[in-house]
Amino acid sequence: MKTGAFLVSALLALAPAAVMAQTYTIKISSPTVNDVTHEWMKAFKAGVEARAAGKIKVETYPANQLGQIPATVEGVAMGTIEITAPASGFLIGLEPRFQVFDAPGLFASLPAAQKVFADPDIRKRLAEYGATKGIEPIAVLAHGPIMLLSRKAIRKVDDFRGQKIRVPGAAPLQIEPFRKLGAAPLSMPLGEVLSAMQNRTIDGVVASSTVFTAFKYYDLAKGLTTLPDSYLVVPAMVNKAFLKSLGPQLEAIVREEAFSAQRKIEAFAQADVLKTEKVWAQNGGELISFDDGEKKKYRDQVLSTLPAVLNSNPKIKADYEAFVAAASR
């Protein structure tokens with residue numbers, strides 16, 4: 001009995017040490033590679049692992065290594081993946097409010113978008129996104145200007161007519177502007193775009209500027225058109241139950257390092273856009289911008305789709321107004 005009691009006491013004494021020795025793994029998925037999102041993943045990993053002192057291991061899986069976007073979004077919602085970072089349009093099935101990021105003319109520039117996503121009031125608002133589905137945007141990245149690559153170069157607004165164009169999500173604010181322009185928009189995960197362009201299932205693809213050089217799209221087509229006042233936004237979505245399982249101290253580290261990494265990669269993001277332009281030109285690509293008349297024509301058409309979408313959802317309308325207010329500060 002004494003021996004048994006001694007063993008029980010010894011095991012109980014060791015139990016707290018076993019709990020303290022527990023380690024956690026954070027798997028991060030991204031559809032892209034060698035871009036802003038990948039850079040955020042690396043900065044987040046370095047910051048968390050340095051501060052967590054061996055209690056958290058961060059594993060990064062760029063370029064769809066854990067599956068296509070719909071599968072990884074579902075994985076985070078179910079808790080089989082801790083974090084995923086797709087374009088915001090692929091998250092509207094879990095949280096319709098994400099589509100506000102695609103409102104035409106929301107940001108005047110990439111640095112302006114970065115400042116908005118660092119605004120305390122906006123960060124507080126964003127923390128509510130996905131709450132009913134057990135997810136949360138732990139960082140929000142202004143990825144880069146949205147551009148359109150098409151086999152038939154888009155040089156003016158009328159060139160959109162009849163084009164089958166891949167868009168990053170199926171939200172009304174992604175679909176309706178292109179319908180207004182006379183195109184046929186089609187939501188498609190990034191991992192499926194290359195083959196779709198090759199077999200001509202689609203005529204063109206909309207994505208952040210840096211995606212086109214990262215995946216060498218200059219081998220498919222040469223005309224890359226800047227879409228005025230449009231920027232791709234990439235939220236890094238975390239499973240909230242996993243965050244809570246870390247305990248207060250480790251959860252705080254993860255949250256702080258996610259935002260810290262978001263700020264650290266801002267300069268990289270801006271430089272990456274300029275690098276993209278050079279790489280595109282070096283590989284025989286053409287960078288196309290609308291003249292002032294075509295820009296006005298484009299803005300008039302896409303902005304005309306905004307009121308109906310905003311008025312159909314009070315929360316999205318309130319979000320839009322909050323973003324506009326933050327941008328003016």
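Provided above is the structure to which this section pertains.
The sections below set out a description of the structure shown in this document. Chains are numbered independently. Their residues run from 1 in the order of the written sequence. Side-chain atom pairs in this predicted model are given and counted only at pLDDT of 80 or more, local residue features only at pLDDT of at least 70, and totals for whole chains, interfaces and linings cover all residues. Values reported for side chains reflect all heavy atoms of the structure, with hydrogen atoms and water molecules removed beforehand.

Regarding the pairing of strand E5 (residues 164-167)
Note the following rule: Should DSSP find at least two bridges between two strands, the strands are taken to pair. Here a strand is any run of E in DSSP of at least two residues, a helix any run of H or I of at least four, and the numbering for each starts at the N terminus. Orient the strands so they point away from the viewer; a crossover is then right-handed if the path from the first strand over the helix to the second runs clockwise.
Across four bridges, E5 lies against strand E6 (residues 184-187) in parallel orientation. By the bridge assignment for E6, Lys 164 is matched with Ala 184. Following the chain from E5 across helix H6 (residues 172-180) to the adjacent parallel E6, one finds a crossover that is right-handed. Judged from the two bridges that link them, E5 and strand E7 (residues 204-208) form a sheet pairing that is parallel. In the strand pairing of E7, Arg 166 is matched with Val 205.

Section: the nonpolar core
Threshold: Grouping buried Ala, Val, Leu, Ile, Met, Phe, Trp, Tyr and Cys residues that are joined through side-chain atoms within 4.5 Å yields what is termed a nonpolar core. Each residue is placed in one exposure class: buried if its accessible area under a 1.4 Å probe, protein chains only, is under 20% of its type's maximum, exposed if it is over 50%, and partly exposed if it falls in between. In what follows, residue pairs with any heavy atoms lying within 4.5 Å of each other are defined as contacts.
Ranked by size, the top nonpolar core spans 86 residues in total, and within it Trp 40, Phe 44, Ile 56, Phe 101, Phe 117, Phe 160 and Phe 323 carry the most contacts. If we skip the residues at most four places from it in the chain, Phe 44 touches Ile 26, Ile 28, Val 58, Ile 83, Val 254, Glu 257, Ala 258 and Ala 261. Met 147, Ala 196, Ile 202 and Leu 224 belong to the second largest nonpolar core, which has 18 residues in total.

Considerations on the packing of aromatic side chains
So the rule is basically this: Side-chain rings of Phe, Tyr and Trp, where Trp is taken by its six-membered ring, are said to pair if the distance between their centres is within 6.5 Å; with planes under 30 degrees apart they count as stacked, over 60 as edge-to-face, and otherwise as tilted. For a lysine, the NZ atom is tested; for an arginine, the CZ atom; a charge sits over a ring if that atom is within 6 Å of the ring centre and within 35 degrees of the ring normal.
One pass over the structure, following the stated rule, counts 17 aromatic pairs. Measuring from centroid to centroid gives 6.4 Å for Phe 107 and Phe 323, while their planes differ by 75°, and the two rings are edge-to-face. Of this pair, Phe 107 sits in the loop between strand E3 (83-84) and helix H4 (110-118) while Phe 323 sits in helix H14 (residues 314-328); the two residues are 216 residues apart in sequence, bridging distant segments of the chain. Summarising the burial analysis for this pair, Phe 107 and Phe 323 share the class buried. Site record: aromatic cluster; members linked through ring pairs are Phe 98, Phe 101, Phe 107, Phe 117, Tyr 129 and Phe 323. The residue whose ring lies beneath Arg 123 is Phe 259, and the NZ or CZ to ring-centre distance is 3.5 Å.

Here we look at unusual backbone geometry
Here Asn 34, not a glycine, exhibits a phi torsion of approximately 55°, which is positive. Position of Asn 34 among the secondary structure elements: in the loop between strand E1 (24-29) and helix H2 (36-52). Accessibility expressed as a relative area gives 57% for Asn 34, which makes it exposed. In the Ramachandran plot, Asp 229 falls in the positive-phi region, its phi being about 60° despite a non-glycine side chain. Within the secondary structure, Asp 229 is located in strand E8 (residues 223-239).

Comments concerning the pattern of salt bridges
As a reminder of what qualifies: Counted as salt bridges are all cases of a side-chain nitrogen of Lys or Arg within 4 Å of a carboxyl oxygen of Asp or Glu.
Applying the stated criterion across every chain, the model contains 22 salt bridges. One salt bridge connects Lys 45 with Glu 49, and the closest N-O pair in it is separated by 3.0 Å. Taken as a pair, Lys 45 and Glu 49 lie in helix H2 at a separation of four residues, close to a single helical turn. Accessibility expressed as a relative area gives 27% for Lys 45, which makes it partly exposed. According to the relative accessible area criterion, Glu 49 is partly exposed, its value standing at 28%. Note that Arg 97 and Asp 319 form a salt bridge whose closest N and O atoms lie 2.8 Å from each other.

Describing the packing of H4 against helix H11 (residues 266-282)
This is how the line gets drawn: With axes taken as lines fitted to C-alpha atoms, and helix axes fitted only over the stretch in contact, angles between N-to-C directions fall between 0 and 180 degrees. To sort the angles, those under 35 degrees are grouped as roughly parallel, those over 145 as roughly antiparallel, those from 65 to 115 as roughly perpendicular, and the leftovers as oblique. The sense of a crossing depends on the near helix, which, turned anticlockwise from the far helix by less than a right angle, makes the crossing left-handed and, turned clockwise, makes it right-handed. Asp, Glu, Lys and Arg are counted as charged, while Ala, Val, Leu, Ile, Met, Phe, Trp, Tyr, Cys and Pro are counted as nonpolar; the rest, among them Gly, fall into the polar class.
In the contact formed by H4 and H11, the axes pass within 10 Å of each other and the chain directions differ by 160°. One finds that H4 runs roughly antiparallel with respect to H11. Here H4 runs over H11; the crossing is right-handed. Residues Leu 110, Pro 111 and Gln 114 of H4 pack against Glu 266, Ala 269, Gln 270 and Val 273 of H11. Here the contact of H4 with H11 is composed, by residue class, of four nonpolar, two polar and one charged.

A short note on the environment of Val 273
Within the secondary structure, Val 273 sits in helix H11. Judged by its relative accessible area of 11%, Val 273 is buried. A C-alpha to C-alpha distance of 18 Å links Val 273 and Phe 290, two positions 17 residues apart in sequence. In contact with Val 273, other than residues within four places in its own chain, are Leu 110, Pro 145, Ser 209 and Thr 210.

Focus on H6
Among the residues making up H6, those that are buried are Leu 173, Gln 174, Ile 175, Pro 177 and Phe 178. Buried-residue contacts for H6 involve E5, E6, E7, E8, helix H12 (292-303) and helix H13 (306-311). Just downstream of H6, Gly 182 is the residue with a positive phi angle, here 95°.

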